[in-house]
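Each chain, written out:
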Amino acid sequence: MKNRWDPDTFCDFKNNQLAIRVYTSNLLGAEQDLVLHGGGNTSFKGTQKNIFGEDEPVLYVKGSGWDLSTIEKRGFSPTRLEYLLRLAKMGSLSDTEMMTQLRIALLDPRAPTPSIEAILHAVIPYQFVDHSHADAVVTISNTPNGDKHLRQIYGEDVLILPYIMPGFILAKQVAEATSRVDWSTIKGIVLLHHGIFTFADSAKVSYEKMIELVTIAEKFLEKNTTSDTIAKLASEITEKKCLQMAKLRKAAGGLFGGPLLARLDNSLESAGFSNLDNATDLVGRGPLTPDHTIHTKAFGAIFDQNPADDLDNFTEAYQEYFQNYAQDEHHILDCMPRYGVWLNKGMVYLSGNVRTLNIVENITQHTIKAIQLGEALGGWEALPRNDLFEIEYWELEQAKLKSDKDRASFEGKVVLVTGASSGIGAACVNELVENGAAVIAIDFQNEENFESSSILNLRCDVTDSKQVADALLLGVKHFGGIDILISNAGNFPPSQNLELLTDENWDKSIELNLSSHMRVLRACVPYLREGFDPSVVIIASKNVPAPGPGAAAYSSAKAGLTQLARIAALELGKDGIRVNVLHPNAVYDTAMWTKKLLSTRAASYGLSIEDYKTANLLKREVTSKDVARAVSLFAGTDLAKTTGSQLPIDAGNDRVI
Ligand code: ZN
């Protein structure tokens, strides 16, 4: 484990202890092998002046909802230390009461709720406490002789405690176990199947102890495994697999209760895991740490010949698991698996939005690696299912998910946008992503147009069928299907009157402004059939209802495109796929319309740029965003009963009217 401590950065903090606390927390957060998605927490004990001018001892502990990789000063909840120490002495405290008391103990009512491990941090008598769920330590712990191995590698330096559910009783357990221990003789505490704590009166020392202890565990794993321990296999993405993914996603929607995203991970390691003889057994044996269950559930699904049909097996197993462990107060969560092994093909992830899908992917990739290392140490032995159930259905963990309940209008939907890098295409991408969509953004120019995990940037020339097919495979592999196609790619060729029109300009315009749309639509139809409320929006032009001289190549192509859309609406209606057409006009905030071109055009009509831009009935400029909003209306469910329509977006044009 790399020690990321940088003395130069450290100097910038001028001994501000909270700033240093933030810094080393971020260092821990930067290593996914130490903490994944909210796993792990840190604290600092200092003092704060109260309103009476008295110094009060304070525990600044990671607040709920913050992640160590990005935590800032305001992410640490200032909590009265003495109050927490008194709570630790109580005989018992229910989860709900503990959370209430943690909020009562806050010095700032606006601060985030302290971590559920706040009382545990309080009882460790050092200024800085670091807690991680380090993969290496937990992996060793999740094996038949894990306890013995850890005692062997750490000797007397580390106190090793059995698994206890996080919260008040864990804090009590640590307090009792350490009451007979001379703290100065131990470097850390390992909680089996959970993680590791280090502590010191200096942030640097506490951080470095963490790195040191985790490195020892990593070296032990290295010594006991070989480069072959982690299986690897090359597995191709094919159209057949992608269609099966789209069908799986659709079927999973029935379990999830709405649209969702799916991903096929065919990386060497994931396909390698899926190819193991006992992959079906391993995927049911449980996670790295129990807190992962809130993202991944307690076990995964097994997909074989027909993944959509295999969902039933998971549902049955999950219902049985619920019935085995549920108490009266529990209500079963949805029965959609969050991950599964697709035998010989790779791992599959399913989740409601991009953020949670990425979390599931990340956790699963770490887990399948840990499982194989654990197997090499004698067998992967996660916590028994009753302990996993206890965390998965723990009210405090479920509370963390509550904020995910309100879904944005396009959450779980996958949109393919062509010509995505600028103008109307880019505006559509931004509009849809703002409303929760996952977007496959394709453009022939640029690969990295958008920096967001909600957007998959793909370089693709839509006039090339092969490139279109390849782009769709990558898109469907990444998000699981296509619900909405926004066919937008196009250009405006140089103005030429008919007798001067060159074959080249004509052919190019027909190719890009008409034929490419047919190719993209044709390739998307099989996926749209498996989509959620599938919809196609075609960007045509005001030139269709109201053509202008000199634009034969453009207007004829766009007229053909409109006809294509009408026929598509006729053919695809039976599959529930809506196809609608927009006719934008005079959208000048696009890459094509440079300031120079605008002023030349305006001057040729004897108008100012402003008058030229607003030369319409409403006297208002039409922007890319206006078009994107109309696109969003057709793409969403508000116009669910409309297909084959054409809508002008032109602020009023007498020739169109
Ligand atoms: Zn923990």
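Everything below is about the structure shown above.
Since this is a predicted model, take the numbers as computed values, not measurements. (Residues numbered from 1 in each chain as written. Predicted model: local features only at pLDDT ≥ 70, side-chain atom pairs only at ≥ 80, totals over all residues. Heavy atoms only, no water.)

Describe helix H9 (residues 203-223), and please don't skip the residues or the numbers.
Because an α-helix packs 3.6 residues into every turn, residues spaced three or four apart end up facing the same way. The end-to-end C-alpha distance of H9 is 30 Å, a good match for the 30 Å that 21 residues give at a rise of 1.5 Å each. The distance from a side-chain oxygen at the start of H9 to the backbone nitrogen of Lys204 is 3.2 Å, and the residue carrying that oxygen is Ser202. (Helix = DSSP H or I, 4+ residues; strand = E, 2+ residues; numbered from the N terminus. Expected span 1.5 Å × (residues − 1). Polar contact = N/O pair within 3.5 Å; in protein donor to acceptor, adjacent residues only side chain to side chain.)

Any details on the packing of helix H7 (residues 146-154) against H9? Residues and values, ideally.
Where H7 meets H9, the axes come as close as 10 Å, and the angle between the chain directions of the two elements is 120°. In this structure, the crossing between H7 and H9 has a hand that is right-handed. Every residue of H9 that contacts H7 at His149, Gln152, Ile153 and Tyr154 is listed here: Leu213, Val214, Ile216, Ala217 and Phe220. (Axes fitted to C-alpha atoms, helices over the stretch in contact; angles between N-to-C directions. Left-handed = near helix turned anticlockwise from the far one by under 90°. Contact = heavy atoms within 4.5 Å.)

Summarise the pattern of salt bridges; cite the residues concerned and give the values.
This structure, assessed with the given rule, holds 25 salt bridges. When the shortest N-O distance is used, the salt bridge between Glu504 and Lys508 registers 3.6 Å. Placement of both Glu504 and Lys508 in helix H20 (residues 503-528) is noted, with a separation of four residues, approximately one turn of the helix. For the pair Glu504 and Lys508, one class covers both residues: exposed. Lys613 is the salt-bridge partner of Glu621, the closest N and O atoms lying 3.9 Å from each other. (Salt bridge = Lys/Arg side-chain N within 4 Å of Asp/Glu carboxyl O. Buried < 20%, exposed > 50% of the residue type's maximum accessible area, 1.4 Å probe, protein only.)

Give a detailed account of the sheet that holds strand S8 (residues 261-265), specifying residues and quantitative values.
Strand order in this open sheet of four strands is S8-S11-S10-S9, and the pairing throughout is mixed. On the outer flanks of this sheet lie S8 and strand S9 (301-303), each paired with one strand and no other. In this sheet, adjacent strand axes meet at a mean angle of 25° when their direction is disregarded. Summarising the sheet, strand S10 (residues 339-342) and strand S11 (residues 346-351) pair through four bridges and their orientation is antiparallel. Among the inter-strand pairings, Val341 is bridged to a residue of S11, identified as Met347. Against the sheet, helix H10 (residues 239-256) engages S8, S9, S10 and S11, with an angle of about 145° to S8. (Pairing = 2+ DSSP bridges.)

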